[in-house]
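Listed here are the chains, written in short residue letters.
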Amino acid sequence: MVGMTKKKTAFWVAVFLLPNLIGFFTFIVFPLLSSLAISFTNWDLISTMEFVGIDNYKQLMVDKEFWAAFTHTVTFIIGYLPLVMIFGLACALLLNRKVKLRAFFRAAYFLPVVTSWVAVSLVWKWLFNPSYGLINYFLSFVGIEGLNWLQDESLAMPAIIITSVWKDIGFVMVLFLGGLQNISTSYYEAADIDGANSWKKFWNITLPLLTPTTFFVTIISLINSFQVFDQVMIMTEGGPGGATNVLVQNIYNHAFRYFEMGYASAMSWILFIVIFVITLIQMKMQKRWAD
Amino acid sequence: MLLPFLWMISTSLKNQGATMVFPPQFIPDHASFQNYKDVTGAFPMLHFLGNSLLVAVLTTLGQLLLCSMAAYAFARMQFWGRDKLFLLYLATMMVPAQVTMIPQFILMKNFGWLDTYQALIVPGLFSVFGTFLLRQAFLSIPKELEEAAFMDGANHFSIFWRVIMPLSKPTLATLGIFSFMQSWNNYLWLLIVINDKSYATLPLGLSLLQGRWETNWNMMMAGVVISVLPILAVYLFAQKYFIQGMTMSGMKE
């Protein structure tokens, strides 16, 4: 800087950076390191902490409830991800054209995204109500009756998936809209000259050129859906019979219902490792596309 | 797509008998705002609304200030270890909130902050994403502008406040709206640190409503409408910034 002494600069750096830095270390770095440390202990918050090495992790590997939670999370993702991607892309393709009321539709699809999970979950719980819910009412037209959505072990997860897809379509749509706008119109003009139909244009131009976006959206949605919790907590609390007990619900139960801080922390680190690996894959692939 | 919202509004205007009618009525026979009166009278919905506003506004303002100040240091100042420190910030961005949540809870407990507004506001002030976003914005502002100001005898504070901040308004708006929404919709953290419902914000308040009136769906939907309307109003007013915030962070809430 022009005519500034070192001491003065240090003063200004401190003024600007310290408040944030103190918070960063107190509420992010320190908890991150403590969480790792706690995962090597048994601790119920009251009695003294007992160091147990990697016992929690060993125990997790043979814990049926944990693997069930892992499986439920993966089940959620397998149901949720393809649906939200297909609907999100379809909506993006429709709204990328100059349709009437485009702004209205865009707002309508994004509305669930800005609404809290708790509000959305309560509305859908009411829609899934077995006796007076709108969904069973519509299903009765096609001869399906009396589904007990959230109390039925085989239907509770599909109900949560449907709710989540509905909430997130707008989010995926917006990401895809961004990708679509990056595709140069000259490709389509060239295809028009060759007489290609819209299906061919979609298959041979849009989809291949959209690959980096598709990949990015998949990774982001994957990371987010490994952390699925709010809708589960409100709609089923992990039930019925543990059928929707997902990873974060399981962490929450062990930490804040059974007060097994060490065990819950170990679980959260497994979750972290999964997300870390996905992030690494993304970074690698993104580099390839950037060149 | 809008049907669940319309059904929510329709239910909130019905009396309890009308919610139990089959086939369902889309337009209630005797629409009234009685549920809104009941849910705000017998249940502190308005108090939750006030808490939500207080927490969201303070979190947003505080986060904007703290993030922009640190971002200024990272983008505009030279100091030892700057780039390594910033790399550490970036590295923590991929850590899922569930990892730090348990020690953060213990921290709140040791501070004596369980069931306080501090617990709802203070940890939310330190956003790595926000610092990162604003640093990017500040980096794009030409150096010549501040050099000229330094020549005129300005110090860092006045350059930050008079040059950098006004030029970064769109990014500040994006971050502001986005952190407002995150704070407004936050649920898991409240579930952990708040037991006393006088500190509950709307999402936690709604979940308490559920425990109390599981079968009174018309009243629950009135509560949900109350929680959705403010964020809806903000959204319609600042759509562009909402969408930017979400696409840039890749986070849904």
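What you see is a predicted model, and the numbers here were worked out from it, not measured in a lab. (Residues numbered from 1 in each chain as written. Chains lettered and ligands numbered in written order. Predicted model: local features only at pLDDT ≥ 70, side-chain atom pairs only at ≥ 80, totals over all residues. Heavy atoms only, no water.)

### Considerations on the overall build of chain A
If you tally the helices and strands in chain A, you get 13 helices and two strands. For a compact globule of 291 residues, the expected C-alpha radius of gyration is about 19 Å, and chain A comes in at 24 Å, more than 25% above that figure. For chain A, the C-alpha atoms occupy an extent of roughly 75 × 75 × 30 Å along the three principal directions. Within chain A, the proportion of its 291 residues that are buried is 54%. Considering only contacts within chain A whose residues lie at least 6 apart along the sequence, 67% involve residues at least 24 apart. Accessible area for chain A stands at about 13,900 Å²; split by element, carbon and sulfur atoms hold 66% of it. Positive and negative side-chain charges of chain A, numbering 18 and 16 respectively, have mean locations separated by a distance of 17 Å. (Helix = DSSP H or I, 4+ residues; strand = E, 2+ residues; numbered from the N terminus. Rg over C-alpha atoms; globule rule 2.2 N^0.38 Å. Buried < 20%, exposed > 50% of the residue type's maximum accessible area, 1.4 Å probe, protein only. Contact = heavy atoms within 4.5 Å. Areas by Shrake-Rupley, 256 points an atom, 1.4 Å probe, with all protein chains shown as cover. Lys, Arg positive; Asp, Glu negative; His and termini not counted. Charge placed at Lys NZ, Arg CZ, Asp CG, Glu CD.)

### What about the overall build of chain B?
The number of helices and strands found in chain B is 15 helices and zero strands. Buried positions account for 58% of the 253 residues belonging to chain B. Long-range pairs, those at least 24 residues apart, make up 74% of the contacts in chain B between residues at least 6 apart in sequence. If you sum the accessible surface of chain B, you get close to 10,700 Å²; carbon and sulfur atoms cover 65% of it.

### Thoughts on the packing of helix 5 (residues 117-127) of chain A against helix 13 (residues 202-212) of chain B
Direction vectors running N to C along helix 5 of chain A and helix 13 of chain B enclose 25°, while the axes themselves pass 9 Å from each other. Comparing the axis directions of helix 5 of chain A and helix 13 of chain B gives the class roughly parallel. In this structure, helix 5 of chain A contributes Val-118, Ala-119, Leu-122 and Lys-125 of chain A to the contact, and helix 13 of chain B contributes Pro-203, Leu-206, Ser-207 and Gln-210 of chain B. Partitioning the contact of helix 5 of chain A with helix 13 of chain B into residue classes produces five nonpolar, two polar and one charged. (Axes fitted to C-alpha atoms, helices over the stretch in contact; angles between N-to-C directions. Parallel < 35°, antiparallel > 145°, perpendicular 65-115°, else oblique. Nonpolar A, V, L, I, M, F, W, Y, C, P; charged D, E, K, R; others polar.)

### Description of the packing of aromatic side chains
Here a ring pair, both rings aromatic, is described through the centre-centre distance and the interplanar angle of the planes. Overall, the coordinates contain 45 aromatic pairs over all chains when judged by the stated rule. Summarising the aromatic geometry, the rings of Phe-70 of chain A and Phe-226 of chain A are spaced 6.4 Å apart at their centres and angled 55° between planes, so their arrangement reads as tilted. Residue Phe-70 of chain A is found in helix 3 (residues 64-96), and its partner Phe-226 of chain A is found in helix 10 (residues 211-226); the two are separated by 156 residues along the sequence. By relative accessible area, which is 8% here, Phe-226 of chain A ends up buried. Ring centres of Phe-43 of chain B and Phe-48 of chain B lie 5.7 Å apart, and the angle between their planes is 70°; on these two criteria the pair is classed as edge-to-face. Assessed through its relative accessible area of 0%, Phe-48 of chain B is described here as buried. Through a chain of ring-to-ring contacts, three or more aromatic side chains come together here, namely Phe-11, Trp-12 and Phe-16 of chain A together with Tyr-72, Phe-157, Phe-160 and Trp-161 of chain B. (Phe/Tyr/Trp six-rings, centres within 6.5 Å; stacked < 30°, edge-to-face > 60°.)

### Overview of the confidence of the model for chain B
In low-pLDDT regions, the fine details of the predicted coordinates are not to be read closely. Residue and element names in this part refer to chain B. Across chain B, pLDDT averages 91, with 98% of residues at or above 70. Helix 2 (residues 16-19) is the least confidently modelled element of chain B, averaging 78 in pLDDT, while helix 7 (residues 117-121) averages 97, the highest of any element. Complex prediction metrics read pTM 0.93 and ipTM 0.92. (pLDDT = per-residue confidence, 0-100.)

### Comments concerning the interface of chain A and chain B
Each partner contributes to the interface: chain A provides 84 residues, whereas chain B provides 89 residues. Carbon and sulfur atoms supply 80% of the area buried between chain A and chain B, which totals about 8,000 Å² over both sides. By the criterion of area lost to chain B, the three top residues of chain A are Phe-16, Phe-27 and Trp-126 of chain A, representing 11% of everything that side buries. Counting across the interface, chain A meets chain B through zero salt bridges. Across the chain A-chain B interface, the total number found is eleven residue pairs in polar contact (both at pLDDT 80 or more). If one sorts the elements of the side of chain A that touches chain B by residue count, helix 1 (residues 6-38) of chain A sits on top with 21 residues. Looking at the side of chain A that touches chain B, its residues break down into 64 nonpolar, 15 polar and five charged. (Buried area = accessible area lost by both parts, 1.4 Å probe. Salt bridge = Lys/Arg side-chain N within 4 Å of Asp/Glu carboxyl O. Polar contact = N/O pair within 3.5 Å; in protein donor to acceptor, adjacent residues only side chain to side chain.)

### A closer look at the pattern of salt bridges
Under the defined criterion, the tally for this structure stands at four salt bridges over all chains. Linking Asp-192 of chain A and Lys-201 of chain A is a salt bridge whose minimum nitrogen-to-oxygen distance equals 2.8 Å.

### So, the side chain of Thr-11 of chain B
Positionally, Thr-11 of chain B belongs in helix 1 (residues 3-12). At a separation of 2.8 Å, a polar atom in the side chain of Thr-11 of chain B contacts the side chain of Trp-126 of chain A. From its side chain, Thr-11 of chain B meets the backbone oxygen of Trp-7 of chain B in a polar contact 2.7 Å long. Apart from residues no more than four positions distant in its own chain, Thr-11 of chain B is found in contact with Trp-126 of chain A together with Thr-19, Asn-35, Trp-217, Asn-218 and Met-221 of chain B.

### Section: helix 6 (residues 97-111) of chain B
Residue and element names in this part refer to chain B. Along its 15 residues, helix 6 runs 20 Å from first to last C-alpha, staying within 8% of the 21 Å computed at 1.5 Å per residue. Of all the bends found along helix 6, the most pronounced is centred on Pro-103 and spans about 25°. Counting buried positions along helix 6 gives eleven out of 15 residues, so the element sits mostly inside the fold. Burial in helix 6 covers these residues: Gln-98, Val-99, Thr-100, Met-101, Ile-102, Pro-103, Gln-104, Phe-105, Ile-106, Leu-107 and Met-108. (Expected span 1.5 Å × (residues − 1). Bend = angle between axes of the 7 residues up to and from the residue.)

### Focus on the packing of helix 10 (residues 156-167) of chain B against helix 11 (residues 169-185) of chain B
Residues and elements named next belong to chain B. Contact geometry of helix 10 with helix 11 gives a least axis separation of 5 Å together with a crossing angle of 70°. Relative to helix 11, the element helix 10 is oriented roughly perpendicular. Only Lys-169, Pro-170 and Leu-172 of helix 11 make contact with helix 10, whose side of the interface consists of Met-165, Pro-166 and Leu-167. Considered class by class, the residues forming the contact of helix 10 with helix 11 number five nonpolar, no polar and one charged.

### Details of the confidence of the model for chain A
Confidence along chain A averages 92 in pLDDT terms, with 98% of residues attaining 70 or more. Between the elements of chain A, mean pLDDT differs from a low of 89, seen in helix 8 (residues 185-193) of chain A, to a high of 97, seen in helix 12 (residues 247-256) of chain A.

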